[in-house]
Amino acid sequence: MFYVIVLYMLLSLGLLFGAAELERRAIVARRRGPNGRAMLLSLLISAVGSLVVLVIGGFAEGWIYILHILGGSILYHGIMGISLVHGLQEVSARTARERLPARA
């Protein structure tokens with residue numbers, strides 16, 4: 001079960017950081033299209049994937065094990081969502097400051 005959780009975490013981190021990089025590039029290039037869709041979709045896909053790991057954990061280790069995985073999943077997605085969105089907001093603010101015209 002440990003290997004399933006580690007594999008899920010690596011795939012989830014790759015997905016979330018990849019989406020954050022797509023969003024960062026869109027912000028720096030001042031494209032208006034994405035607007036956080038990649039980040040939202042990646043968090044949703046990661047959360048659904050954690051439900052699959054939750055069911056696998058229930059069958060492999062027993063159903064009480066689900067509570068541990070569920071608690072960790074909620075905590076993980078909350079922390080990742082907040083930290084990645086906060087970082088993107090900082091990139092957005094820095095990009096806005098750099099591109100403002102100088103006032104006379």
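Each remark here, short or long, concerns the structure printed above.
Since this is a predicted model, take the numbers as computed values, not measurements. (Residues numbered from 1 in each chain as written. Predicted model: local features only at pLDDT ≥ 70, side-chain atom pairs only at ≥ 80, totals over all residues. Heavy atoms only, no water.)

**Comments concerning the pattern of salt bridges**
In this structure the tally under the stated criterion is two salt bridges. Taking the shortest distance from any N to any O, the salt bridge between E21 and R25 comes out at 2.9 Å. Residue E21 and its partner R25 are both found in helix α1 (residues 2-28); the two are separated by four residues, about one turn of the helix. Bridged by salt links that share partners, the residues E21, R24 and R25 form one connected network. (Salt bridge = Lys/Arg side-chain N within 4 Å of Asp/Glu carboxyl O. Helix = DSSP H or I, 4+ residues; strand = E, 2+ residues; numbered from the N terminus.)

**Let's talk about the environment of H77**
The topology assignment puts H77 in helix α3 (residues 65-98). For the pair H77 and L44, spaced 33 residues apart in sequence, the C-alpha to C-alpha distance is 9.5 Å. Residues contacting H77, with those up to four places away along its chain left out, are Y8, L43, S46, A47 and S50. Of the polar contacts made by the side chain of H77, one reaches the side chain of Y8; its length is 3.2 Å. (Contact = heavy atoms within 4.5 Å. Polar contact = N/O pair within 3.5 Å; in protein donor to acceptor, adjacent residues only side chain to side chain.)

**Here we look at the packing of helix α2 (residues 37-61) against α3**
How two helices sit against one another is set out by the angle between their axes and by the gap between those axes. Contact geometry for α2 and α3: axes closest at 9 Å, N-to-C directions at 165°. For the element pair α2 / α3, the angle class is roughly antiparallel. Judged by the sense of rotation from one axis to the other, the crossing of α2 with α3 is right-handed. The residues of α3 that touch α2, namely those facing M39, L43, S46, A47, S50, V53, L54, G57, G58 and E61, are Y65, I66, I69, L70, S73, Y76, H77, G81, L84, V85 and L88. (Axes fitted to C-alpha atoms, helices over the stretch in contact; angles between N-to-C directions. Parallel < 35°, antiparallel > 145°, perpendicular 65-115°, else oblique. Left-handed = near helix turned anticlockwise from the far one by under 90°.)

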